[in-house]
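# Structural overview for review
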Amino acid sequence: MAIEVDTDEVLWERLRRQEPEALRELFGRYVQVVHAFAARRSGSYALADEVVQATFVSAWFRFVRGDPGPLEQATARSWLLGIASNEIRNLSRARRRLTRLLSRQPVPVPMGDHADAVVARVDSERQIAEVRAALRRLPRHERETVELVYWAELTVAEAAAMLGVAEGTVKARLFRARQRLRPTFQSEPAEYEEQS
Amino acid sequence: MNVTEPPEVEELPAHRVEELSTGLFTLAERTRAQRTRARPVWVPIVAATVGVAAVVSAGTVVLRSAGDSSAPVGDPTSDAAQQTPRIPSVTAQYVPPSKKPMTRWTAPPSGTTTLDQGPATEADARRALRRCFTSGLNGLKPADADTAIIDWARWMVNPVTYSPGEDFYDTTPRRQLVVSALSADRRVWATCAEDGTGEPGEDLTTGDLKSRSAGNARTPISSGSADGAGTTKDGRWVLSWQGTFTAMPQAARVEIRYTWPQGAGQWHVAYLHNHIGYGEAVAIGSGPKPANHRVEFRLFDSAGRLLDTVNG
C-alpha cells in the first residue's frame, strides 16, 4: 500500500499554520540535502552540523515571526538552501565564537569507538577541499551557480530564483564556468541538461 | 577531476538526525505554544495625541512612547495596563491578558522562602545585559543588549552575598536583577545578574538553543552556577548556590535546597518561566561545616504534584 506524503506545497501551508509536525517532516525530507550542501560548501562536517541546526531553526522562525506567503517554487529545497547559504556565511564568520560556545557545551555522551568514522570524515573533508581548490579558479558568482546546479541539483529556475538572476544568466554562468574549468577536466563534461 | 560532479559527502548520522529532529520539534512546540498563550496584538498607527490604554478582546495593549522603557518586561502577571496613560506613538507593547500568577500558589508552603521580588523594567534589564555582554560571552557585545529578546527580567533577593576582599558572607539580604534573554539572532541565550547597587553584571549561564531546550532532560544546567561555602562575619558557616536551570515543560514550580548527610537547609522557591528558571539555595549554621553537601531540586506540576527530585 502506498503511503501518501504531503507535497512540499502542502507542507508549506501547514508550516504557515505553525504546525510543529510539519517542521519535523520538512526536516526529515531535507536534512541530508542541507547537510550535504553545507559540507560541500564549507568543507567541514562540524560546521555543516551547525548549519543544519541553524537553518531549520531559522526556517521555523520565519513562519513564527510572520507569514512568508505561498511557496514560490515547486519544492522548498531552494528556499532552504538560501537560508543555509546565509547560515554558512554567518557561522564561518563567527567561527571563533562557535569555538568558544562549543567549549562550554557538556561533554558528549560516549558513542563507542568511532575512529573509523572520524577517519572517513577527515578523508572526505580532504577530497572536498581538493575539489573546492579547483572551484576557486572561478569568480564567486560562477562558483555559487555551479554549487547550486551541479552539486545541490537545483533546477536552473530554482537557482535563478535563489540567486535573484534570470534563468539565462544561470545558463551563461554555467557555460563560462565550464569554459574556465576545461583544463581541469580529465574528460570532457557532458553538456548541461536542464532538469525539469 | 570534474568539478561538475559533486564531491562525495558522508550523510549526517542517524542518531544525530534524530537528536536534531527532537530538539527542533521541542523548540517548535514551545514557540508555537508561546504564541498561543500570548499572541501579540499590534495596534495600528494612530494619530491621536492623547494617551490611551486600549483594551482589545484578546488582551490589553499599552501604548507607549518610543523612548519609554519603564514597563515591566517578560512578566505575564504585570499590571502595566493600569499605569498612567502615556503619550501614544507608533510603537505598542503587548501585555498578555492573564493577570493570574504563573503558578496557582498564592503563598509558599511553610518551610520555603521566595526569592522573586517582582518584575524589573526593560531599561533596567537592558542595562544589566549591557554589563554582562562586556565579558564577551559567546561573542555578544554590549550593543547586542539593545536588540536582545528578553524572556523575563526579575528582581531576586540574595539571602547572602559574598564580600570579596573581606572573605565572608554578608547575611543582609540584597536585591539582584536577573535577566534571561536571547540574542536577536536567537542563537545565543544568556542569563545575567546584576547587583542592585549597580555592580558589574555576572554571566550566570550562556549557551545555544540546544542547551536552552535541554530541560526535557530535567537536568539542571549548572555550568553558570556559583556554589560557594564560607563563613559569616560572626563565624557561622554558609553554603550558597545560585544559578540558572531548565526544567521539564510540565514543571510549574521548582524548589531548591542544600542537603548533607546529617540534615538539610530550607527549600527556596525558584523563579520559573517558559521552563527556564533561576534559583538560589542557602544554608547557614553553627558548629562544624557540613561535608558532602549537595544541591537538591524538586519539581512540581501545576496541580502541585511532585514530579521529580533531582540532585544538582
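Quantities reported herein were computed from a predicted structural model and do not represent experimental measurements. (Residues numbered from 1 in each chain as written. Chains lettered and ligands numbered in written order. Predicted model: local features only at pLDDT ≥ 70, side-chain atom pairs only at ≥ 80, totals over all residues. Heavy atoms only, no water.)

### Structural notes on the overall build of chain B
In plain terms, the rule: A run of DSSP states H or I qualifies as a helix once it reaches four residues; a run of E qualifies as a strand once it reaches two. Both are numbered from the N-terminal end. Only protein chains enter the accessibility calculation, which uses a 1.4 Å probe; a residue whose area is less than 20% of its type maximum is buried, one above 50% is exposed, and one in between is partly exposed. Contacts: residue pairs with any heavy atoms within 4.5 Å of one another. For the area figures, the Shrake-Rupley method with a 1.4 Å probe applies, and any residue is considered shielded solely by the protein chains shown.
When helices and strands are counted, chain B shows 3 helices and 20 strands. By residue count, 49% of the 312 residues in chain B fall in the buried class. Pairs at least 24 apart in sequence give 62% of the contacts found in chain B among residues at least 6 apart. For chain B, the exposed surface amounts to about 14300 Å²; the carbon and sulfur share of it is 52%.

### Brief notes about the packing of helix 2 (residues 20-42) of chain A against helix 3 (residues 45-65) of chain A
Residues and elements named next belong to chain A. Put simply, the rule reads: Axis definition: a line fitted to C-alpha atoms, over the contacting stretch in the case of helices. Angles run 0 to 180 degrees between N-to-C directions. Take the far helix as the reference: if the near one is turned anticlockwise from it by less than a right angle, the crossing is left-handed, and if turned clockwise, right-handed. Amino acid classes used here: Ala, Val, Leu, Ile, Met, Phe, Trp, Tyr, Cys and Pro are nonpolar; Asp, Glu, Lys and Arg are charged; the rest, including Gly, are polar.
In contact at an axis separation of 8 Å, helix 2 and helix 3 are set at 145° when each is read in the N-to-C sense. Remark: the crossing between helix 2 and helix 3 carries right-handed chirality. Contacts between helix 2 and helix 3 involve Pro-20, Leu-23, Leu-26, Phe-27, Tyr-30, Val-31, Val-34, His-35, Ala-38, Ala-39 and Ser-42 from the first element and Tyr-45, Leu-47, Ala-48, Asp-49, Val-51, Val-52, Thr-55, Phe-56 and Trp-60 from the second. Looking at the contact of helix 2 with helix 3 residue by residue, the class counts come to 16 nonpolar, 3 polar and 1 charged.

### Thoughts on the nonpolar core
Put simply, the test is: As used in this record, nonpolar core signifies buried Ala, Val, Leu, Ile, Met, Phe, Trp, Tyr and Cys residues forming a set joined through side-chain atoms within 4.5 Å.
If you look at the biggest cluster of nonpolar residues, it comprises 60 residues, and the most contacted ones within it are Leu-26, Phe-27, Val-52, Phe-56 and Val-146 of chain A. In terms of residue count, the dominant contributor to this core is helix 3 of chain A (12 residues). Among residues more than four places away in sequence, those in contact with Val-146 of chain A are Leu-135, Leu-138, Trp-151, Leu-174 and Ala-177 of chain A together with Val-3 of chain B. Membership of the second largest hydrophobic core comes to 19 residues, among which are Trp-237, Trp-241, Trp-260 and Val-295 of chain B.

### Looking at helix 9 (residues 167-181) of chain A
All names here are of chain A. Here is the rule we go by: One less than the number of residues in a helix, times 1.5 Å, gives the span that helix is expected to have. Directions from the helix axis toward the C-beta atoms define the arc.
The end-to-end C-alpha distance of helix 9, which contains 15 residues, comes to 21 Å, matching closely the 21 Å that a straight helix rising 1.5 Å per residue would cover. All of the buried residues in helix 9 are Val-170, Arg-173, Leu-174, Ala-177, Arg-178 and Leu-181. Relative to the axis of helix 9, the buried residues are bounded by an arc of 135° and lie together on one face.

### Considerations on the packing of aromatic side chains
Our working rule: Each aromatic pair joins two rings of Phe, Tyr and Trp (for Trp, the six-membered one) with centres within 6.5 Å, and gets the label stacked for planes under 30 degrees apart, edge-to-face for over 60, and tilted for any other angle. Charge-over-ring placement is defined geometrically: NZ (Lys) or CZ (Arg) within 6 Å of the ring centre, and within 35 degrees of the ring normal.
Here the structure, examined in full by the defined rule, presents 7 aromatic pairs over all chains. Taking 5.0 Å as the distance between ring centres and 75° as the angle between the ring planes, the aromatic pair formed by Trp-12 of chain A and Phe-63 of chain A counts as edge-to-face. Here Trp-12 of chain A, found in helix 1 (residues 8-16), pairs with Phe-63 of chain A, found in helix 3; they are 51 residues apart in sequence, far enough to count as distant. Here Phe-63 of chain A falls in the buried class, since its relative accessible area comes to 3%. With 4.7 Å between their ring centres and 80° between their planes, Trp-12 of chain A and Trp-79 of chain A make a pair best called edge-to-face. Here Trp-79 of chain A lies in helix 4 (residues 77-93) and Trp-12 of chain A lies in helix 1, a separation of 67 residues in the sequence. Through successive ring pairs, a cluster of aromatic residues spans Trp-12, Phe-63 and Trp-79 of chain A. A cation sits over an aromatic face here: Arg-24 of chain A above Phe-25 of chain B, 3.8 Å from the ring centre.

### What about the pattern of salt bridges?
As a reminder, the rule being used: Between Lys or Arg on one side and Asp or Glu on the other, a salt bridge is scored when a side-chain nitrogen of the former is within 4 Å of a carboxyl oxygen of the latter.
Considering all chains together, one arrives at 25 salt bridges over all chains under this definition. A salt bridge links Glu-255 of chain B to Arg-253 of chain B; its shortest N-O distance comes to 2.7 Å. As far as the burial class goes, Glu-255 of chain B and Arg-253 of chain B line up, both buried. Salt bridges here are not isolated pairs; linked through shared partners, they connect Asp-6, Arg-14, Arg-17, Glu-19 and Glu-25 of chain A.

### Some words on the packing of helix 1 of chain A against helix 2 of chain A
Residue and element names in this part refer to chain A. This is how the line gets drawn: Orientation labels follow simple angle bins: below 35 degrees gives roughly parallel, above 145 gives roughly antiparallel, 65 to 115 gives roughly perpendicular, and whatever is left gives oblique.
Put simply, helix 1 and helix 2 touch, their axes get as near as 8 Å, and they point 140° apart. Between helix 1 and helix 2, the interaxial angle falls into the category oblique. Of the two possible hands of crossing, helix 1 and helix 2 adopt the one that is left-handed. Here helix 1 contributes Asp-8, Leu-11, Arg-14 and Leu-15 to the contact with helix 2, which in turn contributes Glu-21, Ala-22, Leu-23, Glu-25, Leu-26, Arg-29 and Tyr-30. For the contact of helix 1 with helix 2, a count of residues per class yields 6 nonpolar, no polar and 5 charged.

### Focus: helix 7 (residues 140-151) of chain A
Of all the 12 residues making up helix 7 of chain A, 9 are buried; the element is thus mostly covered by neighbouring parts of the structure. The first or second residue beyond helix 7 of chain A is Glu-153 of chain A, which carries a positive phi of 60°.

### Focus on the side chain of Gln-176 of chain B
Residues and elements named next belong to chain B. To be explicit about the condition: In protein, a polar contact means a hydrogen-donor-capable atom and an acceptor-capable atom, both N or O and within 3.5 Å, with residues adjacent in sequence counting only if both atoms are side-chain atoms; elsewhere, any N or O pair within 3.5 Å suffices.
Structurally, Gln-176 is set in strand 9 (residues 174-182). Exposure remark for Gln-176: the relative accessible area of 7% places this residue in the buried category. Here the side chain of Gln-176 touches Tyr-278 through a polar contact of 2.9 Å, side chain to side chain.

### Concerning the confidence of the model for chain A
Residues and elements named next belong to chain A. Counted only if it meets this: For every residue, the pLDDT score states the predictor's confidence, bounded by 0 at the bottom and 100 at the top.
Mean pLDDT over chain A works out to 78, with 77% of the residues at or above the 70 mark. Mean pLDDT in chain A bottoms out at helix 5 (residues 95-103), which sits at 49, and peaks at helix 2, which reaches 92. For residues 107-113, every residue scores under 50 in pLDDT, and the model assigns this stretch 1 contact once sequence neighbours within four places are set aside. Under a pLDDT of 50 for its full length, residues 185-196 has, in the predicted model, 25 contacts with residues more than four places off or in other chains.

### Concerning the confidence of the model for chain B
Residues and elements named next belong to chain B. In the predicted model, chain B carries a mean pLDDT of 66, and the fraction of residues at 70 or more is 59%. The lowest-confidence element of chain B is strand 2 (residues 59-63), averaging 27 in pLDDT; the highest-confidence one is strand 16 (residues 267-269), averaging 89. A low-confidence stretch, residues 35-71 (pLDDT under 50), is modelled with 78 contacts involving residues beyond four sequence positions or located in other chains. Counted against residues more than four places away or in other chains, residues 216-224, with its pLDDT under 50, gives 21 contacts. Reported confidence for the predicted complex is 0.75 by ipTM and 0.42 by pTM.

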